[in-house]
Amino acid sequence: MPNPSSPKTAAPHPVDLTGKVAVVTGSGRGLGLAYAAALARAGAAVVVNDIDEEAAVRTAKCLTEAGGRAVAEAAAVGTSEAADRLVARAVAEFGRLDVMVTNAGILRDRVLWKMTDDDFDAVVTAHLRGTFTCARAAAVRMREQGEGGSLVLVGSPAGQRGNFGQTNYAAAKAGIAAMARTWSMELARARITVNAIVPVAATAMTETIPAFAPYIAAMKQGRPLPDVLRKGEGFGTAEDCAALVPFLASDAARDVTGQCVGIGGDRLTLWSHPQETTAAYADGGWSPDGIAAVWPTTLGAEPQTVGIPAPRLPEAR
């Protein structure tokens, strides 16, 4: 009897991106590098983007030395000019654009009363505006080509549930999920799919989480992450998250759009869209006193939780 936790059903189409061209923003290191490498292994030519030119060049060189096709384009995402440059570079080097992966971003964590305008604006510009401008430039080109395409936006659990100290980041990532749903409708006629991925991996950011830190340290010393992390928390390496990107860019996912898909460790998940969970009714409408009277036994009986659930992990040894 097949194990439902390890599905073996064949995809309706092989994940082969030969002849396709992708741009991956913020791909000089970390998750972005893993996405770019996965796309190249699947056959796509890749424009490697990063604000750090040396990192972008290094990644592109690694991909070409492994037999792929890649070029580097250093730019800070956020402006229309940067987005147009990335699309233009893909077309100039490889003749077309089929996939845009909007991974680039930064962190400026502060609690609300300590967050400055610059902290807020910098993160929203990189994540939200950067996603918007790059997706728009890609959509224009893909619609001109008339052959469809894929926008793969990068979300976060913080955008799905909120996270302490991350007003700017959580707001931007929530906006990215909303944009994926909106654009999936707007671009459906052009056969352009739009999805948001929600990765969870050992990165510079997660190293700062006390519960994860000792496991990540052990992993760097060559010890594998335990199942309680890989399956229980859906937490693994950046490479564990990479397979989702070429899948969403391929014909195997041509009917997948408007979704928020989570991946990490050994776990693949589908996030729900926000929806009403409880309703109450009052003939003729509601008064403040009327709401107060019914709240404890109706809408307030099972309030929604907030924040990313704390990991339940044994002490690392």
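Preceding block: the structure.
Below: a short report on this structure. Small disclaimer: the values here were computed from a predicted structure and weren't measured.

Definitions and cut-offs
- Residues numbered from 1 in each chain as written.
- Predicted model: local features only at pLDDT ≥ 70, side-chain atom pairs only at ≥ 80, totals over all residues.
- Heavy atoms only, no water.
- Helix = DSSP H or I, 4+ residues; strand = E, 2+ residues; numbered from the N terminus.
- Rg over C-alpha atoms; globule rule 2.2 N^0.38 Å.
- Buried < 20%, exposed > 50% of the residue type's maximum accessible area, 1.4 Å probe, protein only.
- Contact = heavy atoms within 4.5 Å.
- Lys, Arg positive; Asp, Glu negative; His and termini not counted.
- Charge placed at Lys NZ, Arg CZ, Asp CG, Glu CD.
- Pairing = 2+ DSSP bridges.
- Axes fitted to C-alpha atoms, helices over the stretch in contact; angles between N-to-C directions.
- Expected span 1.5 Å × (residues − 1).
- Polar contact = N/O pair within 3.5 Å; in protein donor to acceptor, adjacent residues only side chain to side chain.
- Core = buried A, V, L, I, M, F, W, Y, C linked by side-chain atoms within 4.5 Å.
- Parallel < 35°, antiparallel > 145°, perpendicular 65-115°, else oblique.
- Left-handed = near helix turned anticlockwise from the far one by under 90°.
- Nonpolar A, V, L, I, M, F, W, Y, C, P; charged D, E, K, R; others polar.
- Salt bridge = Lys/Arg side-chain N within 4 Å of Asp/Glu carboxyl O.

1. Describing the overall build of the protein chain
Tallying secondary structure elements over the protein chain gives 11 helices and 8 strands in all. For 317 residues, the compact-globule estimate of 2.2 N^0.38 gives 20 Å, and the protein chain sits close to it at 21 Å. If one aligns the C-alpha atoms of the protein chain with their principal axes, the spans along those axes are about 65 × 55 × 55 Å. In the protein chain, which comprises 317 residues, the proportion classed as buried is 44%. Taking all contacts inside the protein chain whose residues are at least 6 apart in sequence as the whole, residues at least 24 apart take part in 71%. Averaged over its 30 positive side-chain charges, the protein chain has a centre that lies 4 Å from the centre of its 32 negative ones.

2. A look at the sheet that holds strand β5 (residues 149-154)
The sheet built from 8 strands is open, its strands ordered β3-β2-β1-β4-β5-β6-β7-β8 with mixed pairing. Looking at which strands have only one partner, the edges of the open sheet turn out to be β3 (69-74) and β8 (267-270). When strand polarity is set aside, the average angle formed by the axes of neighbouring strands in this sheet is 20°. Where β5 and strand β6 (residues 192-199) come together, 6 bridges link them in parallel fashion. Bridging from a neighbouring strand, L151 pairs with V194 of β6. Against the sheet, helix α1 (residues 30-41) contacts β1 (21-24), β2 (45-50), β4 (99-102), β5 and β6, and its axis sits at roughly 175° relative to β1.

3. Here's the deal with helix α2 (residues 53-65)
Taking 1.5 Å per residue as the helical rise, α2 with its 13 residues ought to reach 18 Å, and the 18 Å between its terminal C-alpha atoms agrees with that figure. Elements in contact with the buried residues of α2: α1, β2 and β3. One side-chain oxygen of the residue at the start of α2 lies 3.0 Å from the amide nitrogen of E54, identifying that residue as D52. Among the residues trailing α2, G67 stands out with phi positive, at a value near 100°.

4. Topic: the environment of A45
Examined against the element boundaries, A45 turns out to sit in strand β2. In this structure, the C-alpha to C-alpha distance between A45 and F94, residues 49 residues apart in sequence, is 7.3 Å.

5. Re the pairing of β2
Remark: a regular strand shows side chains that alternate across the two faces of the sheet. Counting buried positions along β2 gives 6 out of 6 residues, so the element sits mostly inside the fold. Alternating residues of β2 divide into A45, V47 and N49 and V46, V48 and D50, and every residue in both groups is buried. Examined bridge by bridge, β1 and β2 share 4 bridges and lie parallel to one another. What sits directly across from V23, in β2, is V47. When β2 meets β3, the two strands line up parallel, connected through 6 bridges.

6. A few points about the nonpolar core
Y35, L39, V46, L63, V101 and I197 are the most contacted members of the largest nonpolar core, which has 35 residues in total. The biggest single contributor to this core is α1, with 8 residues. With sequence-adjacent residues up to four places away left out, I197 is seen in contact with Y35, V152, L153, V154, G155, S156, L244, V245, L248 and V261. Among the nonpolar cores identified, the runner-up in size contains 33 residues, and V71, A138, A139 and W183 belong to it.

7. What to know about the packing of helix α3 (residues 80-94) against helix α4 (residues 117-145)
The description of two packed helices rests on the angle between their axes and on the distance between the axes. One can describe the packing of α3 onto α4 by two numbers: an axis separation of 8 Å at closest approach and a directional angle of 40°. Relative to α4, α3 is oriented oblique. Here α3 runs over α4; the crossing is right-handed. Counting all contacts with α3, which are made through S80, A83, D84, L86, V87 and V91, the residues of α4 involved are T133, C134, R136, A137, A138 and R141. Considering only residue class, the contact of α3 with α4 consists of 7 nonpolar, 2 polar and 3 charged.

8. A closer look at the side chain of K173
Locating K173 in the fold gives a position in helix α6 (residues 167-186). Buried and unpaired, K173 has no salt bridge, with D109 as the nearest side chain of opposite charge at 12 Å. Those residues in contact with K173, other than ones at most four positions away along the chain, are H127, V154, G155, S156 and G159.

9. Side note on the pattern of salt bridges
Inspection of every chain in the model, using the stated rule, returns 14 salt bridges. E147 is the partner of R96 in a salt bridge, and the nearest nitrogen-oxygen pair spans 3.0 Å. In this pair, R96 is assigned in the loop between α3 and β4 and E147 in the loop between α4 and β5, connecting sequence segments 51 residues apart. You can call R96 buried: its relative accessible area is 19%. The shortest N-O distance in the salt bridge between D266 and K231 comes to 3.0 Å. Of the two residues, D266 is situated in the loop between β7 (260-264) and β8 and K231 in the loop between α8 (227-230) and α9 (238-242); the sequence distance between them amounts to 35 residues.

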